[in-house]
Amino acid sequence: MSPTTLPIADPQGRVPASGPDVVVAIPVRNEAERIAACLRALGAQAGLAPGRLGLVLFLNNCTDGTEAIVAGLRASLPMPVRLITATYERAHAGWARRAAMDAAAAWIEAGPGTGTILTSDADSRVPPDWVARNLAALEAGADAVAGRVELAPEEAALLPPSLPARGKLEDEYDALITEIETCLDPDPHDPWPCHRTTIGASLAVRSGAYVQVGGMPEIPLGEDGAFVAALLQQGFRVRHPRDVVVTISARLSGRAPGGVADTIRARCEEPDALCDARMERVPRLILRCWLRHRLRRLHRSGRLGRDLAWARLLGVSAEEARRIAAMPRVGEAVAAAERASPRLAFRPVGPRHLPGQIRAARVALVMLRPASRIAARLRRGGSAASVPPLSATAPEQ
């Protein structure tokens, strides 16, 4: 790898005295067709005091003129920009996003010391209130914010008609099962309405939390999901607000193997391809949420290590169960139990099952919503209900 860092500068040549406390980090590779729209959208951010926002562009292995386009637009951007160029034959998405976010973290540390790192993709367009909405969620008590995405309508219109139809069903089912999750396994820091999308096109995190979890995982695929999982397992508060939305490309040839473009192309080629892993049948989802919630309560009450009935129920060995029970953080313990349990392996549905599962989810929510409201009132009132034994009969799969 041969990186080159260009100097920080704003259009007038000034450098903020202490540096920005909000830095957007964008990994870029051969985005000559879309980088201009991305940068103009970032330059149109509203609701921020002058000098607060900075931009890191990590240009890696660019061979299509992207660097020249960035250089031409740089002077027109209203925020200071740090450009980093690198050539690395083993580059991948996780490596590039980590490099961009590490540079953002270093910029903040060298200036105000603490702040917020945001990341998106070079083929995405953020709305003018994207940064402001992320900051609002953080100021409301979150440590990180995961936004959701929508396909660019002008590109989505060129896809086979079956794909948008499937996407509409998946979006509907995803919203229903997310509400079921918030009823059965509520997170007080991420209440309904919310979503469960985790994608690098829209992430924000406090710089201290970013450093504490070890930064963005340097893995070829799924670095965004692994990062949010690490935050949750270490007890950080992650908010998934529905009003933080980024427009992403609907192209069929992407830059990261296994990314959105590959998913879209695979579904064009195989219309019956399985849905995302979390889109399970409603009874199995209810079982998963029921077990997660019980595990959390057992851990918080100190009973996870004293009574291993939960391990027998989940098919986890006694040795592994004791290791899990010794984990100090509840999120880490629950995630480890879920990974270790053969009963909790994900079994996603196919698109043909979605209409029936949507009906089942609606029926389930008719019963769950009233109970969830009562439970929320009890929590606000400080009621501490006893923890039922996990050896009791579990919901059917």
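Below is a short write-up of the structure. It should be emphasised that the depicted structure is a prediction, and the values quoted were computed from it without experimental measurement. (Residues numbered from 1 in each chain as written. Predicted model: local features only at pLDDT ≥ 70, side-chain atom pairs only at ≥ 80, totals over all residues. Heavy atoms only, no water.)

### What to know about the layout of surface pockets
Next, step 1: Considering only enclosed or pocket space, the second largest pocket measures out at about 170 Å³ in volume.
Next, step 2: Around the second largest pocket, the lining residues are Leu42, Gly43, Gln45, Leu48, Ala49, Pro50, Gly51, Arg52, Leu53, Pro78, Met79 and Pro80.
Next, step 3: A breakdown of the residues in the lining of the second largest pocket according to their chemical character gives 8 nonpolar, 3 polar and 1 charged. (1 Å grid on protein atoms, 1.4 Å probe; cavity = no way out; pocket = protein on both sides within 12 Å on 5 of 7 lines; lining within 4 Å. Points joined across faces, edges and corners; volume = space filled by probe spheres on them. Nonpolar A, V, L, I, M, F, W, Y, C, P; charged D, E, K, R; others polar.)

### Remarks on the nonpolar core
Next, step 1: Formed by 36 residues in total, the largest nonpolar core has its most connected members in Val24, Leu39, Leu42, Leu55, Leu57 and Trp130.
Next, step 2: Residue contributions to this core peak at 6 residues, all from helix H1 (residues 35-43).
Next, step 3: Setting aside anything within four residues of it in sequence, one finds Trp130 in contact with Val24, Leu42, Gln45, Leu118, Thr119, Ser120, Ala201, Ser202, Val244, Val245 and Val246.
Next, step 4: Counting 30 residues, the second-largest nonpolar core is a separate cluster that includes Trp95, Ala103, Ala209 and Val238. (Core = buried A, V, L, I, M, F, W, Y, C linked by side-chain atoms within 4.5 Å. Buried < 20%, exposed > 50% of the residue type's maximum accessible area, 1.4 Å probe, protein only. Helix = DSSP H or I, 4+ residues; strand = E, 2+ residues; numbered from the N terminus. Contact = heavy atoms within 4.5 Å.)

### Focus: a nonpolar patch on the surface
Next, step 1: On the surface, Val363, Val366 and Met367 cluster together into a nonpolar patch covering about 330 Å² of accessible area.
Next, step 2: Within the fold, Met367 resides in helix H14 (residues 354-380). (Patch = residues over 30% accessible without salt bridge, like charges linked within 9 Å, V, L, I, M, F, W, Y side chains within 5 Å. Areas by Shrake-Rupley, 256 points an atom, 1.4 Å probe, with all protein chains shown as cover. Salt bridge = Lys/Arg side-chain N within 4 Å of Asp/Glu carboxyl O.)

### With respect to the pairing of strand E8 (residues 203-206)
Next, step 1: Pairing analysis gives 4 bridges linking strand E5 (residues 116-119) to E8, with the strands arranged antiparallel. Following the sheet pairing, Leu118 is matched in E8 by Ala204.
Next, step 2: Relative to E8, strand E6 (residues 144-146) runs antiparallel, the two being bridged by 3 bridges. Note on E8: the bridge partner recorded for Ala146 is Leu203. (Pairing = 2+ DSSP bridges.)

### Digging into the side chain of Asn60
Next, step 1: Its place among the elements puts Asn60 in strand E3 (residues 53-60).
Next, step 2: Here the side chain of Asn60 touches Asn61 through a polar contact of 3.4 Å, side chain to side chain.
Next, step 3: Each residue touching Asn60, except ones within four places of it in the same chain, is listed here: Val28, Arg29, Ala86, Ala91, Trp95 and Ala96. (Polar contact = N/O pair within 3.5 Å; in protein donor to acceptor, adjacent residues only side chain to side chain.)

### So, the packing of aromatic side chains
Next, step 1: One pass over the structure, following the stated rule, counts 3 aromatic pairs.
Next, step 2: Seen from their ring centres, Phe58 and Trp95 are 5.3 Å apart, and the 70 degrees between their planes marks the pair as edge-to-face. In this pair, Phe58 sits in strand E3 while Trp95 sits in helix H3 (residues 93-110), placing the two residues 37 residues apart along the sequence.
Next, step 3: Relative accessible area serves as the criterion here: at 3%, Phe58 is assigned to the buried category.
Next, step 4: An angle of 40 degrees between the planes, with centres 4.9 Å apart, marks the rings of Tyr88 and Trp95 as tilted.
Next, step 5: You can call Trp95 buried: its relative accessible area is 7%.
Next, step 6: Of the aromatic side chains, those joined through ring pairs into one cluster are Phe58, Tyr88 and Trp95.
Next, step 7: Here the basic side chain of Arg288 rests over the ring of Phe346, its NZ or CZ set 3.7 Å away from the ring centre. (Phe/Tyr/Trp six-rings, centres within 6.5 Å; stacked < 30°, edge-to-face > 60°. Lys NZ or Arg CZ within 6 Å of the ring centre and 35° of its normal.)

### Description of the pattern of salt bridges
Between side chains of opposite charge, a pair can form when the charged atoms approach closely.
Next, step 1: A complete count under the given rule lists 26 salt bridges for this structure.
Next, step 2: Arg369 is paired through a salt bridge with Glu179; the nearest N and O atoms lie 2.7 Å apart. On the criterion of sequence distance, the pair formed by Arg369 in helix H14 and Glu179 in helix H6 (residues 162-184) is long-range, its members being 190 residues apart.
Next, step 3: Taking the relative accessible area as the measure of exposure, Glu179 reaches 9% and is therefore buried.
Next, step 4: Put simply, Arg239 and Asp190 hold a salt bridge, and the shortest N to O gap is 2.8 Å. You can see Arg239 sitting in strand E9 (residues 238-239) and its partner Asp190 sitting in the loop between H6 and E8, a full 49 residues away along the chain.
Next, step 5: For Arg239, a relative accessible area of 18% translates into the label buried.
Next, step 6: Asp190 sits in the buried class, given a relative accessible area of 2%.

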